[in-house]
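Examination of the molecular architecture
Now for the letters of each chain:
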Amino acid sequence: MDEKHSSDAELLCAAAEGDSRAFELFYRRYEPWLVTRLRYRCSDAALVDDVVQETFLAIWRGTARYSEQPGADAAGWLWRIGTRRLTDAQRGHGTRQRLLQALGRFRTTHQPSAEDEVLEGLPHSDLAQALARLPAELSAVLQATVVDGLTTAEAAAVLRIPAGTVKTRAMRARRRLRKELT
């Protein structure tokens with residue numbers, strides 16, 4: 001196909017039929033023009049380059065078809081595809097940027113709480129050894145009320161024992177721990 005004597009419409013029709021040479025000629029003719037025009041609308045050169053590539057890929061793959069009608073303008077048709085893709089990309093890019101900014105505000109280094117620090121040191125401490133020696137029913141009450149922070153009523157419900165029993169076991173567990181740790 002002769003580059004100088006082929007109209008845009010002829011190139012597009014041939015490209016639609018799989019003529020890679022016609023597509024290449026159309027691409028060479030309009031790629032710089034489309035890049036320049038889209039950069040007036042968007043200062044992100046990488047985004048514009050991506051949009052231009054997507055636009056021409058849509059033409060090559062046939063998802064964007066040029067219909068040769070009297071007075072149809074190939075450049076105008078290409079411009080409509082390019083601007084729509086740019087708008088879509090900017091919307092998606094803007095959404096991603098806003099999401100990344102929002103997530104960036106929440107990024108902090110993890111600093112363990114005071115509870116985490118105490119619990120981390122427990123396995124090898126005297127307290128851990130004393131807790132391990134408690135009978136299971138006393139240990140369960142301390143776990144529920146002290147570590148899990150449940151109220152007496154909540155602990156009673158979880159352990160399926162009366163609230164008075166929770167209070168009694170908690171008192172017995174504290175006495176035993178005090179005795180072992182002093």
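These figures come from a predicted structure and were not determined experimentally.

1. A look at the overall build of the protein chain
- Looking only at helices and strands, one finds nine helices and zero strands in the protein chain.
- Seen in sequence order, the protein chain has helices and strands lined up from the N terminus as α-α-α-α-α-α-α-α-α.
- For the protein chain, buried positions account for 30% of its 182 residues.
- When contacts within the protein chain are restricted to residue pairs at least 6 apart in sequence, long-range pairs at least 24 apart make up 54% of them.

2. Focus: the packing of aromatic side chains
- In this structure the tally under the stated criterion is eight aromatic pairs.
- Seen from their ring centres, Phe 26 and Tyr 30 are 4.9 Å apart, and the 40° between their planes marks the pair as tilted. Of this pair, Phe 26 and Tyr 30 are both found in helix α2 (residues 20-41), four residues apart, which corresponds to roughly one turn of the helix. Just as Phe 26 is buried, Tyr 30 falls in that class too.
- In textbook terms, an aromatic cluster arises when at least three aromatic residues are bridged by ring pairs, as seen for Phe 23, Phe 26, Tyr 27, Tyr 30, Trp 33, Phe 56, Trp 60 and Trp 79.
- When the ring centre of Trp 79 is taken as origin, the NZ or CZ atom of Arg 37, which lies over that ring, is 4.1 Å away.

3. Some words on helix α9 (residues 163-181)
- Taking 1.5 Å as the rise per residue, α9 with 19 residues should run 27 Å; its terminal C-alpha atoms sit 27 Å apart, in good agreement.
- Those residues of α9 that sit buried are Val 166, Ala 170, Ala 173 and Leu 177. For α9, the angular spread of buried residues about the axis comes to 65°, placing them on one side. With respect to the buried face of α9, the exposed residues turned more than 90 degrees away are Lys 167, Arg 175, Arg 178 and Lys 179.
- For α9, the elements touching its buried residues are α6 (126-133), α7 (136-147) and α8 (152-159).

4. A look at the nonpolar core
- Phe 26, Leu 34, Leu 38, Val 52, Phe 56, Ile 59 and Leu 78 are the most contacted members of the largest nonpolar core, which totals 27 residues.
- When neighbours within four sequence positions are excluded, Phe 26 is seen to be in contact with Asp 8, Leu 11, Leu 12, Phe 56, Ile 59, Ala 74 and Leu 78.
- Core analysis: the next-biggest nonpolar cluster, separate from the first, contains seven residues, Ala 155, Ala 156, Ile 161 and Ala 170 among them.

5. Side note on the pattern of salt bridges
- Using the criterion set out here, one finds five salt bridges in the structure.
- Between Arg 21 and Glu 24 there is a salt bridge, with the nearest N and O atoms lying 3.9 Å from each other. In this pair, Arg 21 and Glu 24 both sit in helix α2, three residues apart, roughly one turn of the helix.
- Arg 21 sits in the partly exposed class, given a relative accessible area of 36%.
- Here the residues in one salt-bridge network are Arg 21, Glu 24 and Arg 28, joined through shared partners.

6. Some details on the side chain of Thr 55
- Relative to the assigned elements, Thr 55 resides in helix α3 (residues 45-61).
- Taking relative accessible area as the criterion, Thr 55 reaches 0% and is therefore assigned buried.
- Other than its neighbours up to four places away in sequence, Thr 55 contacts Leu 34, Leu 78, Ile 81, Gly 82 and Arg 85.

7. A few points about the packing of α8 against α9
- It is at 8 Å that the axes of α8 and α9 come closest, and there the two elements cross at 105°. Comparing their axes, α9 and α8 come out roughly perpendicular. Residue-level inspection shows Thr 152, Ala 155 and Ala 156 of α8 in contact with α9, the latter providing Ala 163, Val 166 and Lys 167.
- Grouping the constituent residues of the contact of α8 with α9 by class yields four nonpolar, one polar and one charged.

8. Thoughts on unusual backbone geometry
- Positioned with a positive phi, Arg 160 is a non-glycine residue whose angle comes to about 60°.
- Here Arg 160 is to be found in the loop between α8 and α9.

Rules and cut-offs
- Residues numbered from 1 in each chain as written.
- Predicted model: local features only at pLDDT ≥ 70, side-chain atom pairs only at ≥ 80, totals over all residues.
- Heavy atoms only, no water.
- Helix = DSSP H or I, 4+ residues; strand = E, 2+ residues; numbered from the N terminus.
- Buried < 20%, exposed > 50% of the residue type's maximum accessible area, 1.4 Å probe, protein only.
- Contact = heavy atoms within 4.5 Å.
- Phe/Tyr/Trp six-rings, centres within 6.5 Å; stacked < 30°, edge-to-face > 60°.
- Lys NZ or Arg CZ within 6 Å of the ring centre and 35° of its normal.
- Expected span 1.5 Å × (residues − 1).
- Arc of directions from axis to C-beta.
- Core = buried A, V, L, I, M, F, W, Y, C linked by side-chain atoms within 4.5 Å.
- Salt bridge = Lys/Arg side-chain N within 4 Å of Asp/Glu carboxyl O.
- Axes fitted to C-alpha atoms, helices over the stretch in contact; angles between N-to-C directions.
- Parallel < 35°, antiparallel > 145°, perpendicular 65-115°, else oblique.
- Nonpolar A, V, L, I, M, F, W, Y, C, P; charged D, E, K, R; others polar.

The analysis is restricted to geometry; functional conclusions fall outside its scope.
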